[in-house]
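Chain residues, written in single-letter form:
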Amino acid sequence: MLAVHFGAGNIGRGFIGQLLHQAGYKICFVDVSDELVAEINRRQEYTVSLASEEKTTFAIHNVVALLSKNEEAVAEAIASADLVTTAVGPNILKFIAPVIAKGIQKRIKAEGKALNVIACENMIGGSSALKSFVYESLSEQEQKQATLVIGFPDAAVDRIVPLQKHDDKLWVTVEPFYEWVVNQSQVLGAVPQVEGITYVSDLGPFIERKLFTVNTGHAAVAYLGYLLKLGSIDQAIQNSYVLDITEKVLHETGALLIAKHHFDSKQHEEYIHKIIKRFKNPYISDEVTRVGRSPIRKLSAKDRLVGPALQALEYGITPSGLSLVIAAALLFDSKDDPEAAEIQNHIKENGIEATIQKYTGISKVSPLFALILETYKKAKAQINSTSI
């Protein structure tokens, strides 16, 4: 069996690649890095280690790689693949779509069997988004044919990959916990048998559970930790203030998820505890600036902070903890982050109220706007205080 995977980075190798290998697939990575592709082809194997006291390792072999610019070879690989997956980042999907379309065109002409393309991205509806980009490169007739044989099942993925410090370019360390949930109703043909994938009929609740718990919590620890000048996630979560606010935030999002999706309250409480424990793992420590990077995306209306805050209001839940984290994100001024610099420049030139509106999309008449504004002013006034 052949799996073509776009993105030979740490998530691609350490999460998706590991599970595909264990399921018996030969993996063809597709990446933009000449150095990475050359090294994979030279060795045709790499090592994954778990970020735990035991430091368990896995040898991943039977792997090759192609440069993404070698479109003909990539398209040929897709035409003969049994599965296509991605882990390139939400913003890159539109750039890999044309070559996936070429592979689909070749597959249709050869009357190949059904193929599923799964975008394993940190976003809602990643595969559906990729499908829309792919279809832009297909004719109307090809789109009709693709609909019959190419599935784009959406997925929710979760595995923390810490900052890597290895001499070996291919060695990757990942946390022991992982979750890969796929919408089975969108699968065409045979369901890919990959141990570690959980198939569900409705992915929406699981995507929001992950986004509004793991991603929201991670962002909370990062932005609050940054305000307190704490360098790493595990340092930040050990701080009682950061821990208290993060737990408050996750209980706000938890109340929303339980009300909206009818999750079992006891099971969700256990899920929250599991997430907090993951953040405390010293073996997967990451820099708060790296986790908090790209605040414009994280502050957007449907993402991990503003999204649950707005929905919480609809269910009669006051998002006071979330408002504090949103304010902390607006105060995030990491000098190495272009998006942080853009936000700070906008505040300087246009004021905080205009900035809240621009980057969160929240109307001034919303009670959330007033809550964020009040919290921002208080946090800014106390930014150099240990009490924040």
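Residues numbered from 1 in each chain as written. Predicted model: local features only at pLDDT ≥ 70, side-chain atom pairs only at ≥ 80, totals over all residues. Heavy atoms only, no water.

I'm lost on the overall build of the protein chain in this one. Help?
Scanning the protein chain for helices and strands turns up 17 helices and 12 strands. Against the 2.2 N^0.38 benchmark of 21 Å for 388 residues, the protein chain shows a C-alpha radius of gyration of 22 Å, consistent with a compact globule. Each principal axis of the C-alpha atoms in the protein chain carries an extent, and together these give about 65 × 50 × 45 Å. Here the protein chain holds 40 positive side-chain charges and 44 negative ones, and the gap between their average locations is 2 Å. (Helix = DSSP H or I, 4+ residues; strand = E, 2+ residues; numbered from the N terminus. Rg over C-alpha atoms; globule rule 2.2 N^0.38 Å. Lys, Arg positive; Asp, Glu negative; His and termini not counted. Charge placed at Lys NZ, Arg CZ, Asp CG, Glu CD.)

Would you mind showing me how to read the UniProt feature "domain: Mannitol dehydrogenase C-terminal" (unreviewed entry) in the protein chain here?
Mapped onto this numbering, the UniProt entry annotates "domain: Mannitol dehydrogenase C-terminal" (unreviewed entry) at residues 202-364. Secondary structure content for residues 202-364 is 72% helix and 0% strand, while the C-alpha to C-alpha distance between its ends is 35 Å. (UniProt positions renumbered as here; feature names shortened; annotations may be inferred.)

Help me understand the packing of aromatic side chains in this model?
By convention here, two paired aromatic rings are described through the distance between centres and the angle between planes. Counted under the stated rule, the structure contains seven aromatic pairs. Here Phe15 and Tyr178 contribute two aromatic rings whose centre-to-centre distance is 5.9 Å and whose plane-to-plane angle is 50°, an arrangement assigned as tilted. Of this pair, Phe15 sits in helix α1 (residues 10-22) while Tyr178 sits in the loop between β10 (172-174) and β11 (179-183), placing them 163 residues apart in sequence. Judged by its relative accessible area of 31%, Tyr178 is partly exposed. Taking the centre distance of 6.3 Å and the plane angle of 80° together, the rings of Phe206 and Phe263 count as edge-to-face. Placement of Phe206 in helix α7 (residues 204-227) and of Phe263 in the loop between α9 (240-261) and α10 (265-280) is noted, with a sequence separation of 57 residues between them. Residue Phe206 is classed as partly exposed on the basis of its relative accessible area, which comes to 25%. (Phe/Tyr/Trp six-rings, centres within 6.5 Å; stacked < 30°, edge-to-face > 60°. Buried < 20%, exposed > 50% of the residue type's maximum accessible area, 1.4 Å probe, protein only.)

Any chance you could explain the nonpolar core here in plain terms?
Nonpolar side chains tend toward joint burial in soluble globular proteins. Counting 55 residues, the largest nonpolar core has Tyr223, Leu224, Phe279, Leu305, Val325, Ile326 and Leu330 as its most contacted members. Excluding residues within four positions of it along the chain, Leu330 makes contact with Leu299, Ile343, Gln344, Ile347, Ile352, Thr355, Ile356, Ile372 and Tyr376. The next biggest cluster of nonpolar side chains, apart from the first, holds 34 residues, and it includes Ala8, Leu36, Ala155 and Val182. (Core = buried A, V, L, I, M, F, W, Y, C linked by side-chain atoms within 4.5 Å. Contact = heavy atoms within 4.5 Å.)

How should the environment of Ser320 be read in this particular structure?
For Ser320, the position within the fold is in helix α14 (residues 320-330). Measuring from C-alpha to C-alpha, the distance between Ser320 and Ile347 comes to 22 Å, with 27 residues separating the pair along the chain. The residues touching Ser320, leaving out its near neighbours within four places in the chain, are Lys248, Glu252 and Leu371. At a separation of 3.1 Å, a polar atom in the side chain of Ser320 contacts the side chain of Lys248. (Polar contact = N/O pair within 3.5 Å; in protein donor to acceptor, adjacent residues only side chain to side chain.)

Mind showing me how you'd approach the pairing of strand β4 (residues 57-61) here?
Looking along a regular strand, one sees side chains alternate from face to face of the sheet. Pairing of strand β3 (residues 45-50) with β4, which is carried by five bridges, proceeds in the antiparallel orientation. When the bridges of β4 are listed, Val48 appears paired with Phe58. Between the end of β3 and the start of β4, which pair antiparallel, lie six residues, with Lys55 showing a positive phi angle near 55°. (Pairing = 2+ DSSP bridges.)

Teacher, can you tell me more about the side chain of Lys210 here?
Looking at the secondary structure, you find Lys210 in helix α7. Buried Lys210, no salt bridge; nearest opposite-charge side chain is Asp158, N-O distance 4.8 Å. Of the polar contacts made by the side chain of Lys210, one reaches the side chain of Asn122; its length is 2.8 Å. Polar contacts involving the side chain of Lys210 include one to the side chain of Asn215, which spans 3.0 Å. Residues contacting Lys210, with those up to four places away along its chain left out, are Asn122, Val157, Asp158, Asn215 and Tyr271. (Salt bridge = Lys/Arg side-chain N within 4 Å of Asp/Glu carboxyl O.)

Can you help me understand the UniProt feature "domain: Mannitol dehydrogenase N-terminal" (unreviewed entry) in the protein chain in this one?
Listed under "domain: Mannitol dehydrogenase N-terminal" (unreviewed entry) in the UniProt record, and renumbered for this structure, are residues 2-195. Overall, residues 2-195 shows 36% helix and 26% strand. The separation of its end C-alpha atoms is 16 Å.

Looking at this structure, how should I read helix α3 (residues 71-80)?
Side chains three or four residues apart in an α-helix point the same way, a direct result of the helix having 3.6 residues per turn. Val74, Ala75, Ala77 and Ile78 are the residues of α3 that are buried. Down the axis of α3, the buried side of the element spans an arc of 160°, and every buried residue falls inside it. Buried residues along α3 sit against β1 (2-6), β2 (26-31), β5 (63-67), β6 (83-86), α4 (93-109) and β7 (115-119). (Arc of directions from axis to C-beta.)

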